[in-house]
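Chain by chain, the residues run as shown.
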Amino acid sequence: MASISVFVCFITLVFCFATGSVAKKEEGRIYELRKGDFSAKFTKWGASIVSVVLPDKHGKLADVVLGYDSAKEYKNDTTNFGAIVGRVANRIGGAQFTLNGTHYKLVANDGKNTLHGGPKGFGKVAWRVSKYKKGGHSPYIMFSYHSLDGEEGFPGDLIATVTYMLVGDYQLIVTMKAKALNKATPVNLAQHAYWNLGGHTSGDILSNEIQIFGSHITPVDKELIPTGKIVSVKGTPYDFLKPCTIGSNINKLPSGFDINYVLDDIAPNKVGLAAMVHHKKSGRMLELYTNAPGLQFYTANSLKDVKGKGGFVYQAHAALCLETQGFPDSVNHPNFPSQIVTPGKSYHHSMLFKFSIGA
């Protein structure tokens, strides 16, 4: 009997060691999608975009997303490079809200406010790879995450998924879905990639030309919490209704752009054009389409001495973020579009990044 017990213990130890090694290997894995000379890489940490590679007008390939070399670095990341942020992206004032008569106190991580779901928001956890097809006509990968009732203070269990798919010529589709299982809850997922169409090592994005199809913004207070107003961009540095360089207006602001635009061409169940970016030197252009009502335009103001891929050090304005979303702090502003998802109902947020190469 003693020998049998020893044998069982030995087998158990071997099994635990083997499964632990597999789990550790999966944690460090980078997943690639490839379609011709267009490719993208991902990690399960935050379901993050690690790279997007495409040619310039001379056929030279470059990675146009800021990030890190290894999956481990995403585990400890503080910038949200390429991550899916949530359960509620952006800020919630006072880290609290009331829903159906119940007051919920969240975990604050941005002064007294909650940012991107809290210190252990969706961008800080390991997602599960549900489906993966590396190549073919429409390669894709799906990540899923089960957020528990009470996680970071939010009510109810929530199943979230994000699917990345390469289609057509240089097109990346991002589909974010979520389902509330047992309680009504706010849901606002956003893709937080840092884009630099000149390539992630090309320096700042101030010469990039941008057009944003939003004639209004939701102004914020000194803590970047919306005031509840919706105001026109006319006559302000935020007016990108006509294409112009980012650098032409950025010096009119204290540190750069970090504001939510109210998109003009968006309606329920409709995908519209949110923004266009053009990098003249490389010829690369990006068109962004979405079904979300808002767009957070952020010029990486807080980056400072961040060591990224290949040892390159990123500084402020090394990239731009185009985060389509529900309006920030919507749970505390009844005049903003609701982000509440009830059991039996689904959340669906789509983005299409359409790249092209001009002369």
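On a predicted model such as this, the values are computed, not experimentally measured, just so you know. (Residues numbered from 1 in each chain as written. Predicted model: local features only at pLDDT ≥ 70, side-chain atom pairs only at ≥ 80, totals over all residues. Heavy atoms only, no water.)

1. What to know about the sheet that holds strand E10 (residues 128–133)
Test applied: Strands pair, by our definition, only if DSSP identifies at least two bridges between them. Think of it this way: any DSSP run of H or I at least four residues long counts as a helix, any run of E at least two long counts as a strand, and we number them from the N terminus.
Pairing within the open sheet is antiparallel, and its nine strands lie in the order E10-E11-E12-E13-E28-E22-E21-E16-E19. The outermost strands of the open sheet, each flanked by one partner alone, are E10 and strand E19 (244–245). Note: strand E12 (residues 158–167) against strand E13 (residues 171–180), ten bridges, orientation antiparallel. Residue pairing across strands places Tyr164 opposite Val174, the latter belonging to E13.

2. A few points about the confidence of the model for the chain
Let me state the cut-off plainly: Looking at any residue, its pLDDT shows the predictor's confidence there, from 0 to 100. Contacts were defined at the residue level, with two residues in contact if any of their heavy atoms lie within 4.5 Å.
Confidence in the prediction for the chain averages 93 pLDDT; 93% of positions are at 70 or higher. Scored below 50 in pLDDT, residues 18–22 makes zero contacts in the model with residues more than four places away or belonging to other chains.

3. Some words on the pairing of strand E3 (residues 48–55)
For clarity, the threshold we go by: Throughout, exposure labels follow a simple rule: accessible area from a 1.4 Å probe, protein chains only, divided by the maximum for the residue type, with under 20% read as buried, over 50% as exposed, and the rest as partly exposed.
Among the eight residues that make up E3, eight are buried, leaving the element largely enclosed by the rest of the structure. Taking the residues that link successive antiparallel strands as the turn, the strand E2 (residues 38–43)-E3 hairpin has four residues, and the phi of Gly46 there is positive, at about 70°. Relative to strand E4 (residues 61–63), E3 runs antiparallel, the two sharing three bridges. Bridge pairing in E4 links Leu54 to Ala62. Hairpin connection of E3 to E4: five residues between the antiparallel strands, including Gly59 at a positive phi of 85°.

4. Let's talk about unusual backbone geometry
With an omega of 10°, the peptide bond between Gly86 and Arg87 qualifies as cis. Locating Arg87 in the fold gives a position in the loop between strand E5 (84–85) and strand E6 (91–92). Located in the positive-phi region is Asn90, a residue other than glycine, with phi close to 70°. Within the secondary structure, Asn90 is located in the loop between E5 and E6. Classification of Asn90 by relative accessible area gives buried; the value is 4%.

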